[in-house]
Protein chains: 2
Amino acid sequence: MRNSNASRSGSRRSRSGGQHGQTKKGRPAGELRWVPLGGMGEIGKNLSFFEYGEEILVVDCGLKFPEEEMLGIDFVIPDAQYLVENRHRIQGIFLTHGHEDHIGGLPFILPKLDVPVYGTRLTLGLVENKLNEACPRYRPKLVEIRAGETTQAGSFSVQGISVCHSIPDSLGFAIRTPVGLVVHTGDFKLDATPIDGRITDYSAFAELGKEGVLLLLSDSTNVEREGFTASERTVGQTFEQLFRLYKDRRIVISTFASNLHRAQQVFQTAARYNRKVALVGRSMISYVELARKLGYVDAPDDLFISQQDIESTPPNRLVVLTTGSQGEPFSGLVLMSKGEHRQIRLGSKDLVVISATPIPGNEKLVSRTVNLLFACGAEVVYDRSQAIHVSGHASKEELKIILSLVRPKCFAAVHGEYRHQVRHVQLARELGVPAKQVFVLTNGDVLKLVDGKGQISGRVPSGSVLVDGVALGESEGSLLRERRELAEDGLIALSLVVDEQFRIASPISIESKGFLHCQDAKDLYREMEGAVRKALEPLAGHPETDPDSVPTLIRKKLRDVLSRYSRTYPTLIPLVTRLGQPTPTKGRKRSAA
Amino acid sequence: MRNSNASRSGSRRSRSGGQHGQTKKGRPAGELRWVPLGGMGEIGKNLSFFEYGEEILVVDCGLKFPEEEMLGIDFVIPDAQYLVENRHRIQGIFLTHGHEDHIGGLPFILPKLDVPVYGTRLTLGLVENKLNEACPRYRPKLVEIRAGETTQAGSFSVQGISVCHSIPDSLGFAIRTPVGLVVHTGDFKLDATPIDGRITDYSAFAELGKEGVLLLLSDSTNVEREGFTASERTVGQTFEQLFRLYKDRRIVISTFASNLHRAQQVFQTAARYNRKVALVGRSMISYVELARKLGYVDAPDDLFISQQDIESTPPNRLVVLTTGSQGEPFSGLVLMSKGEHRQIRLGSKDLVVISATPIPGNEKLVSRTVNLLFACGAEVVYDRSQAIHVSGHASKEELKIILSLVRPKCFAAVHGEYRHQVRHVQLARELGVPAKQVFVLTNGDVLKLVDGKGQISGRVPSGSVLVDGVALGESEGSLLRERRELAEDGLIALSLVVDEQFRIASPISIESKGFLHCQDAKDLYREMEGAVRKALEPLAGHPETDPDSVPTLIRKKLRDVLSRYSRTYPTLIPLVTRLGQPTPTKGRKRSAA
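Worth saying up front: this structure is predicted, and the values here are computed from it rather than measured.

About the criteria used
- Residues numbered from 1 in each chain as written.
- Chains lettered and ligands numbered in written order.
- Predicted model: local features only at pLDDT ≥ 70, side-chain atom pairs only at ≥ 80, totals over all residues.
- Heavy atoms only, no water.
- UniProt positions renumbered as here; feature names shortened; annotations may be inferred.
- Helix = DSSP H or I, 4+ residues; strand = E, 2+ residues; numbered from the N terminus.
- Buried < 20%, exposed > 50% of the residue type's maximum accessible area, 1.4 Å probe, protein only.
- Contact = heavy atoms within 4.5 Å.
- Pairing = 2+ DSSP bridges.
- Axes fitted to C-alpha atoms, helices over the stretch in contact; angles between N-to-C directions.
- Least-squares fit on C-alpha atoms with pLDDT ≥ 70 in both.
- Buried area = accessible area lost by both parts, 1.4 Å probe.
- Salt bridge = Lys/Arg side-chain N within 4 Å of Asp/Glu carboxyl O.
- Polar contact = N/O pair within 3.5 Å; in protein donor to acceptor, adjacent residues only side chain to side chain.
- Nonpolar A, V, L, I, M, F, W, Y, C, P; charged D, E, K, R; others polar.
- pLDDT = per-residue confidence, 0-100.

## Let's talk about the UniProt feature "binding site: substrate" (unreviewed entry) in chain A
Residue and element names in this part refer to chain A.
- Within this structure's numbering, the places UniProt gives as "binding site: substrate" (unreviewed entry) are Ala257, Ser258, Asn259, His389, Val390, Ser391, Gly392 and His393.
- Inspection of the secondary structure puts Ala257 in the loop between strand E14 (250–254) and helix H8 (260–272).
- Judged by its relative accessible area of 10%, Ala257 falls in the buried class.
- In contact with Ala257, not counting residues within four places along its chain, are Ser283, Met284, Tyr287 and Thr323.
- Inspection of the secondary structure assignment puts Ser258 in the loop between E14 and H8.
- Once residues within four sequence positions are removed from consideration, Ser258 is found in contact with His99, Ser166, Ile167, Pro168 and Tyr287.

Now the structure itself:
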């Protein structure tokens, strides 16, 4: 698959660390190693593994969306080089839930490992869709597991623990190893009144605590939030109020396609208020379709109408459930807000509810969308003041409860930025985990567990793999730098032909992109051409000249000219062709001819 | 000055509107026009003017920082074309306060108008610094005004009203015109306990209300916030607590350089706790220097130490006041967080206080900086839970108070995004302004006031001027599109030489930027060269070929090759030189030779 082949970019630390992290055969028995390859110091691309003797057990395989400065990059996935080299030792990949940051890396990594993947029914359904799309010819080994059941994978025995999250059928794991018991919470919250009635299994955590837990890995996302995260049900109550208040309007609700609890509540409220539902947005349609097929969402067929019937349905009889809650370009809601959606025109008859809060980095996109929705004349409910969204992650008090139930010997904070990890281990210490036994790891760090004690020692090669439309190759660092320079200042390409004597033998062609065009700055271009001719004058009649020096000469002269017009410099690409000779100018392809 | 010459980009509406908005001599007496050229539907580049008969009065002249997608752009300023064309009619520019979004446009616009600028002492001091730097040879006419005093400018008489804001010496204006009284709040809050004791002049607003106000223009920034904005003094109390709590640590405080009230509180607290102060960051140093010179900040010389003495000062005896509260690259705090600051190394002995909240769009930069500060081992106070920052803008209840004091006939919401304007006029209606007399304008709209009634009618040419390192010229729209394409996918430039018969007469040179380099994809490059040769084969021996068609041919063939490697296409720049002929290929400079 095209995308799968992409480039590695490890921090210097992880690269150098790579060596002494390399796999050595036959690890000391009685030693368990836990190694995160993603998800440390970041919220995204979660992937970690356990290593005991010759056996490896992987938990999750996620992706991350690129940072602004990663120009043209589609996804970032963890560098799984170590796992690829040791694939014969992998007992399986266990998935906690079906969010992109936990399963999105599979299409790129799984075909290289080809090991069994364990997950709940919904999670595997999402994985199947994903793999069918990305690598249709690949046949993965998918094994369904259930909360409460235990699965043997080599000498690891893995028990699924039911946890609540913003996507159904999520799991934590209790992993029994010859060295001791590890508890991984996965992404969770302690919602006492979840929509599907499937609550986080406190008692399981309590029993594990009694059994004695060597290591707890716990979700750090909301450690900065005081108190408890509100129940998903509170959003349903807000929907109820809004449906009552705006009974004459058409109601457009935007949320995360994967938040099927939210969708379920929309469907129930719509049914109660005798409204039909239209689904908008590719991912919204496919998530709901899958969830209904697998029985995770309960809604009768006749509740739904097709997009074509939206405008012909009376406003007060319709709810539109759409993607775009993050202001994503080309998403359903954004197209509507710009008046560019084929089936929907928004106006004063509409109430738009953005049932989400912006993910950090999306604030501006969301804000822009809200302004456009107002400009359509729609009423918009979006501000945090109203309970139109709840987080899927546990807040401080919930994290305390898990810590006091599990009472681990060792603790490591997972799924968080650096500051979240630091705050979370501080919390663990306050709840009695010894200062020496709490750990903030970075991706690639190895946490060794021996005799009930943990220690960070050694590293495994790690880093980010940037997935682009085209495989970037090892040099992607420099490519991104070049893209940034092009983005800032544009470029000027010019070609000229010289004879063997370095006399200019043709007109000079100059073309610019993202920089003043010739027709807008004739003087500048005339000056530039003059400068190029001047640059070459001294060479005329000197066939011994090193051709590699010519572009450098030209760049220098052009800079002098540009410095009078601009504080910044476009990228300069002089292409010099020397007649009767191959053109071995640096950084250029020498013709095979 | 280089930057001043930049490009216009009006919305289609503003362009077309431009025509019938053009200045006509001799407006009907008894008609007042108010026209915003910036600050509507945006928080930034505030600039509006009043027009009565032949006379024009301008309020503020700000800039805005570019949106992400404005690649390589430094600032955005309002299109002041209309004012330039009518500069002889301008009676003066009145400045409400010294923030960039109110004075930052002056260096680009004022020299073209060369009219007197009115402002308070501090505001003019900041303007002077700005102009000295940007256009040293230009001598502006600066006229100092004071709160409470009235200034005659043509038939406009302008009374300054003291208002509290996040920069000292801010004004609102009461503008008396032959048609009626206009009140402009400027940026304000109703802080009852401001640091400088200079409170917002309620009674002035009350008296103006009694006098009878035709039009109120009021700050909409925080209309979405319930209640009242907290007093600046609350931040001082937090400082007090932090200084007591962390008495052994070095304290690093980061805030906006222009927030001199905040600086004053830092200085007072530092003095009380017997700590010296070191200023870090170019703008922090220059703002404090100016404010001390003009007497807006009260601090003895011996309170301050130079950056060189920072590391030699005992931690518990020092406060560092620095820029970087928005995570700006190369700002003081960001350099410290990366360990790249010359004079300061942060560590576990440090407490860092970020006394600001991220401006929308800066969230990620700030979050990254916080994580780096944690990684330095410093304790960091940044979250909203603690009162370490207050806004400079009035919240909902304060806006209500102004509305009920002023009781205007007409109301227009200024200084806000579209949704803020809508919410603010809704508020005005709730407080008794007739529905027909509340207005949401967009930049360029003309609000006509006749016989105590307002009406939006006609437009004035308006839009955004993008200021780049180099003047972009009118075509900047297309330039930005090109930059985006280059940023996403990079480019491939190639040059080849053909003879008059269109036979390839030289090796083909290919160079790429921001795209796979030759050494990383030899096959691809070999294929591309083959494709180019193939593209030209059929032309060989056909001198009648249209040279303009050649680059298009080449692009097409290259796309075919690339489509097998990539989902995305780099920008393709084929430079074809035809020997013995000028090279009239499209979009290229024809040689003068």
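## Let's talk about the sheet that holds strand E3 (residues 47–52) of chain A
Residues and elements named next belong to chain A.
- Pairing is mixed in the open sheet, where eight strands are placed in the order E8-E7-E6-E4-E3-E2-E22-E23. Lying at the two open borders of the sheet, with one neighbouring strand each, are strand E8 (142–144) and strand E23 (453–459). Geometrically, the sheet is characterised by an average inter-axis angle of 25 degrees between neighbouring strands, direction not taken into account.
- The pairing of E3 with strand E4 (residues 55–59) spans five bridges and is classified as antiparallel. Within E4, the position partnered with Phe50 by the bridge is Leu57.
- Here helix H4 (residues 106–113) sits on the sheet and contacts E3, strand E6 (90–94) and strand E7 (117–119); the angle it forms with E6, its principal contact strand, is near 160 degrees.

## Looking at the relation of the copies chain A and chain B
- Under the fitted operation, chain A is carried onto chain B by 0.0 Å of movement along the axis and a turn of 180 degrees, and the coordinates agree to an RMSD of 0.0 Å. As the rotation angle and translation indicate, the two copies are arranged about a two-fold axis. Among all residues of chain A, the one whose C-alpha sits closest to the rotation axis is Ala487 of chain A, at a distance of 2.4 Å.
- When the interface residues of chain A are mapped onto chain B, 100% of them are again interface residues, pointing to one common binding face.

## Some remarks on the interface of chain A and chain B
- Taken together, the contacts link 88 residues of chain A with 88 residues of chain B.
- When chain A packs against chain B, close to 7,400 Å² is buried across both sides, 53% of that on carbon and sulfur atoms.
- Viewed at the interface, chain B and chain A are joined by six salt bridges.
- Close ionic contact of Glu67 of chain B with Arg368 of chain A constitutes a salt bridge, the shortest N to O distance being 3.2 Å.
- Linking chain A with chain B are 25 residue pairs in polar contact (both at pLDDT 80 or more).
- Looking at the side of chain A that touches chain B residue by residue, the class counts come to 35 nonpolar, 25 polar and 28 charged.

## Overview of the confidence of the model for chain A
All names here are of chain A.
- Per-chain confidence: chain A averages 89 in pLDDT, with 91% of residues scoring 70 or above.
- The model gives residues 471–475 a pLDDT under 50, and that stretch makes 15 contacts with residues more than four places away or in other chains.
- Considering only residues more than four positions removed or in separate chains, one finds that residues 582–593, a stretch of pLDDT under 50, has 37 contacts.
- This complex was scored by the predictor with a pTM of 0.84 and an ipTM of 0.81.

## Observations regarding the pairing of strand E10 (residues 156–163) of chain B
Residue and element names in this part refer to chain B.
- Of all eight residues making up E10, eight are buried, and the element is well covered by its neighbours.
- Residues of E10 alternate between two faces, with Phe156, Val158, Gly160 and Ser162 on one and Ser157, Gln159, Ile161 and Val163 on the opposite face, all of them buried.
- One ladder, built from four bridges, connects strand E9 (residues 150–153) with E10; its direction is antiparallel. Following the sheet pairing, Thr150 is matched in E10 by Gln159.
- Here E9 folds back onto E10, and the loop between the two strands holds two residues, one of which, Gly154, carries a positive phi near 60 degrees.
- Counting the residues between successive antiparallel strands, the hairpin from E10 to strand E11 (residues 170–177) contains six residues, one of them, Asp169, with a positive phi of roughly 60 degrees.

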